Amino acid sequence: MDAQTLRLEGELTIYTAQEVRQRFLQALAAEAAPVPLCVDLSGVTELDTSGVQLLLAARALAQTRQRQLRFGGLAAPLRDVIVLLGLEDVLIQTAHADNDAEVGLAA
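Residues numbered from 1 in each chain as written. Predicted model: local features only at pLDDT ≥ 70, side-chain atom pairs only at ≥ 80, totals over all residues. Heavy atoms only, no water.

## Section: the pairing of strand β1 (residues 4-12)
By the bridge criterion, eight bridges tie β1 to strand β2 (residues 37-47) in an arrangement that is parallel. Looking across to β2, one finds that E9 is bridged to G43. Each parallel crossover has a hand, and for β1 linked through helix α1 (residues 17-27) to β2 it is right-handed. (Pairing = 2+ DSSP bridges. Helix = DSSP H or I, 4+ residues; strand = E, 2+ residues; numbered from the N terminus. Right-handed = clockwise from strand over helix to strand, strands pointing away.)

Structure representation (structure tokens):
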């Protein structure tokens, strides 16, 4: 099965929340193909609680629309924030091997 990739870059903070939210809504639109959405976070340089809320909201929307959503390319600082908040079981999943190399999914 093919996957759709959404690459995010720069800050994932309160200052970019509205723009990133729109990108998630477009990628997870009801009329979008029902393929997994792989969110490549390798270009994200900063993550605050607003960014974490966006990731959680995207995950909830994907579940509502019965879409698989995976986050990948988590640099150590981003992973540290997620772990600090106790959300590693929610936001850091074991990825399927067929897409790992393509988007650097966290294992």
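Still to come is the rest of the account.
## Let's talk about the pattern of salt bridges
Counted by the stated rule, this structure contains one salt bridge. Between D40 and R7 there is a salt bridge whose closest N-O contact spans 3.6 Å. In this pair, D40 is assigned in strand β2 and R7 in strand β1, connecting sequence segments 33 residues apart. (Salt bridge = Lys/Arg side-chain N within 4 Å of Asp/Glu carboxyl O.)

## Brief notes about the environment of S42
Tracing the backbone shows S42 in strand β2. The spacing of S42 and G73 is 31 residues in sequence and 4.2 Å in space, taken between C-alpha atoms. Among all residues touching S42, those that are not within four sequence positions of it are G72 and G73. Looking at S42, its side chain comes within polar contact range of the side chain of D40, at 2.7 Å. (Contact = heavy atoms within 4.5 Å. Polar contact = N/O pair within 3.5 Å; in protein donor to acceptor, adjacent residues only side chain to side chain.)

## Thoughts on the packing of α1 against helix α2 (residues 49-64)
Look at α1 against α2: their axes get within 11 Å of each other, and the N-to-C directions meet at 20°. As judged from the angle between their axes, α1 and α2 are roughly parallel. Between α1 and α2 lies a crossing whose hand is right-handed. Residues A17, V20, R21, F24 and L25 of α1 form the contact with α2, whose participating residues are L54, L55, A58 and L61. For the contact of α1 with α2, the class distribution of residues is eight nonpolar, no polar and one charged. (Axes fitted to C-alpha atoms, helices over the stretch in contact; angles between N-to-C directions. Parallel < 35°, antiparallel > 145°, perpendicular 65-115°, else oblique. Left-handed = near helix turned anticlockwise from the far one by under 90°. Nonpolar A, V, L, I, M, F, W, Y, C, P; charged D, E, K, R; others polar.)

## Observations concerning the nonpolar core
Ranked by size, the top nonpolar core spans 27 residues in total, and within it L8, L12, F24, V39, L41, L55 and F71 carry the most contacts. When contributions to this core are tallied by element, the ones reaching two or more residues are β1, α1, β2, α2, β3 (69-72) and α3 (76-84). Of all the elements, α2 adds the most residues to this core, at six residues. The residues touching V39, leaving out its near neighbours within four places in the chain, are L6, L8, F24, L69, R70, F71 and G72. (Core = buried A, V, L, I, M, F, W, Y, C linked by side-chain atoms within 4.5 Å. Buried < 20%, exposed > 50% of the residue type's maximum accessible area, 1.4 Å probe, protein only.)

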